[in-house]
Amino acid sequence: MPAVPAALRRGVVRLLNTSGGRVLVLAGEVDAAAVEAFWRCYGREPVRVDVVDARSVTALSPSGRELLTDTLDRAEWTGRPVALRPSPAVRRALTAR
């Protein structure tokens, strides 16, 4: 998939290092372009995080759902609890899992 300029993406996926740990932030319409930009930066291997902040997600594409579920599954497999802060759109996507 060709790179989509950041100005044209409707959603974002970012990894932030905070004093409370690593936070995976998803916001807006997390579409394939936003996820692909994240994967290009960090790779497809699920990242280790302490919090997933998805309170601002308005829509979650299949690749966005894959990124989110892979991250949560990895945390479960390694026995590291991850706080998930979901939006209604994220709740719906995870319920359909």
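Here the structure is shown first, and the text comes after it.
Residues numbered from 1 in each chain as written. Predicted model: local features only at pLDDT ≥ 70, side-chain atom pairs only at ≥ 80, totals over all residues. Heavy atoms only, no water.

(A) The overall build of the protein chain, seen in detail. Each helix and strand in the protein chain was counted, giving three helices and four strands. In sequence order, the secondary structure elements of the protein chain are arranged as β-β-α-β-α-β-α. Residues classed as buried in the protein chain amount to 44% of the 97 residues present. If you take every contact in the protein chain between residues at least 6 apart in sequence, the share linking residues at least 24 apart comes to 70%. Of the roughly 5600 Å² that the protein chain leaves accessible, carbon and sulfur atoms contribute 53%. (Helix = DSSP H or I, 4+ residues; strand = E, 2+ residues; numbered from the N terminus. Buried < 20%, exposed > 50% of the residue type's maximum accessible area, 1.4 Å probe, protein only. Contact = heavy atoms within 4.5 Å. Areas by Shrake-Rupley, 256 points an atom, 1.4 Å probe, with all protein chains shown as cover.)

(B) How the structure looks around the environment of proline 62. Summarising the element assignment, proline 62 is placed in helix α2 (residues 62–78). A residue is classified by how much of its surface remains accessible, and proline 62, at 71% relative accessible area, is exposed. C-alpha separation for the pair proline 62 and valine 35, spaced 27 residues apart in sequence, amounts to 9.9 Å.

(C) Geometry of the pairing of strand β3 (residues 51–60). Bridge count for strand β2 (residues 21–30) against β3 is seven bridges, and the pairing is parallel. Looking at the pairing, valine 30 lines up with leucine 60 of β3. Strand direction decides the pairing type here: β3 and strand β4 (residues 83–86), joined by four bridges, are parallel. For aspartate 53, the partnering residue across the bridge sits in β4 and is arginine 85. (Pairing = 2+ DSSP bridges.)

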